[in-house]
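Fold and geometry: a report
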Amino acid sequence: MKERIKLSINHMGGSERKRVEKVFDSNWIVPLGPEVDEFERRLEGFLGAGKVVALSAGTAAIHLGLVMLGVSKGDEVICQSFTFSASANPIIYQGANPVFVDSEHQTWDISPELLEEAILDRMKATGRYPKAIIPVHLYGMPAKMEEILSIAEKYSIPVLEDSAEAMGSRYKGKMCGTLGRYGVLSFNGNKMITTSGGGALICPDEEAAKRAKFYATQARESLPYYYHKEIGFNYRLSNVSAAIGCGQMEVVDEHISRRRQIRRLYAQGLSGIEGIKVMDNPGEDFDSNFWLTTILIDPSTGKTPDEVRLALDAENIESRLLWRPMHMQPVFSDAPYYGRNVAEDLFSKGLCLPSGSSLSDNDIGRVVDCIRVIFKK
Ligand SMILES: *Cc1c(COP(=O)(O)O)cnc(C)c1O
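The paragraphs below set out a description of the structure included in this document. As the structure is a prediction and not an experimental result, all values here were calculated from the model.

Among the 16 residues in the neighbourhood of the ligand, the closest are listed as Thr-59, Asp-162, Glu-165, Ser-186 and Lys-191. Between an oxygen atom of the ligand and a side-chain N or O atom of Glu-165, the distance comes to 2.6 Å. Within the contact set of the ligand, an oxygen atom lies 3.1 Å away from a side-chain nitrogen or oxygen of Lys-191. In isolation the ligand has 380 Å² of accessible area, and contact with the protein removes 94% of it. Its atoms largely coinciding with the cavity grid, the ligand occupies the largest pocket. The element contributing the most residues to the shell around the ligand is helix 3 (residues 58-68), with three residues. Grouping the amino acids of the shell around the ligand by side-chain chemistry returns six nonpolar, seven polar and three charged.

Moving on: the sheet that holds strand 4 (residues 132-134). Judged by pairing direction, the sheet is parallel, and its four strands sit side by side in the order 4-2-3-14 without closing on themselves. Edge positions in the open sheet fall to strand 4 and strand 14 (337-338), since each of these has one partner strand only. Sheet topology places strand 2 (residues 76-80) next to strand 3 (residues 97-101); five bridges connect them, and they run parallel. Bridging across to strand 3, Gln-80 finds its partner in Val-101.

Moving on, we come to the environment of Gly-232. By secondary structure assignment, the location of Gly-232 is in the loop between helix 7 (206-216) and helix 8 (239-249). Gly-232 sits in the partly exposed class, given a relative accessible area of 21%.

The rules behind these values
Residues numbered from 1 in each chain as written. Predicted model: local features only at pLDDT ≥ 70, side-chain atom pairs only at ≥ 80, totals over all residues. Heavy atoms only, no water. Near = heavy atom within 4 Å. Polar contact = N/O pair within 3.5 Å; in protein donor to acceptor, adjacent residues only side chain to side chain. Areas by Shrake-Rupley, 256 points an atom, 1.4 Å probe, with all protein chains shown as cover. 1 Å grid on protein atoms, 1.4 Å probe; cavity = no way out; pocket = protein on both sides within 12 Å on 5 of 7 lines; lining within 4 Å. Sits in = over half its atoms within 2 Å of the grid points. Helix = DSSP H or I, 4+ residues; strand = E, 2+ residues; numbered from the N terminus. Nonpolar A, V, L, I, M, F, W, Y, C, P; charged D, E, K, R; others polar. Pairing = 2+ DSSP bridges. Buried < 20%, exposed > 50% of the residue type's maximum accessible area, 1.4 Å probe, protein only.

Set out below in structure tokens:
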């Protein structure tokens, strides 16, 4: 059996182990510490805007972002339906109610048109506007942020950008995660860079970052005794994890260009197969990191994405169906949904191909060859 080709596996640059050893030597094996400070400065340099607060997970960052926006019990929050559940779960943590909105075909991200329809209809239904909007840059592809931000501004609703999959993606030249009021990154094992587990909240200014840090460290008032006026969380990143993150920042640019190159290799290798479309930037405003290369398989091929997934698996190649939209999840079946079947259609046709930056040209060639064989039958 040939070696397994994984979907998206962590890729160390080389200095991470040394940095972790340094942390051991200094005995800073605690939440927070000098590596966390350095990691935050490096992320800020990378993003070119905003103040970064390093956290224990991307999910924690979304939750803290909602806390910072004052989302509380009974509020409604609009969330892109086509996403991973971690975009929406924190809405429930706050006792608020998610309202799901469909995607549009170009980016696969939240449809500006349906977003406005949802905002107006929620006003009609509840007498209040939703408290926040969560667009998601799915698989790294920037959402139509100009349209989204202009609608958000029109109704004075802040945007919390789920950029967990889009580290290094740019929209009109600006880094994803820095476009909304708050932005979120994830450093989970399968994301663009990893700290083993971790995330970040990108804040608009120093004051907001200070406030976010306060909530992330148990909302402890600065008094000699433990004194609490608000509910806090234990959400900060550990100094050990941050050391891995600092090492990863040395290779992040290379890893992003490799993911983009992998998408190009797939596009070249799969060109000419009738009924397969490799996702690409829909225009020059969009510059995806192509965290995962995704394809759409037309039903006219007679193959479903799951059949292709199983055929690849038989060749020891891991692929994955697209995210199943949130409005199709039993746990969110009661939530309002505004849609035109776009996410459902994409879900029924799409597949994610192995895209990790450590994959060789030969690995990609093996995947391409397998797909060519599958579609010859
Ligand atoms: C991974 C991911 C998250 C959550 O990040 P974690 O670090 O795993 O908690 C949130 N949203 C999206 C779209 C993701 O892909």
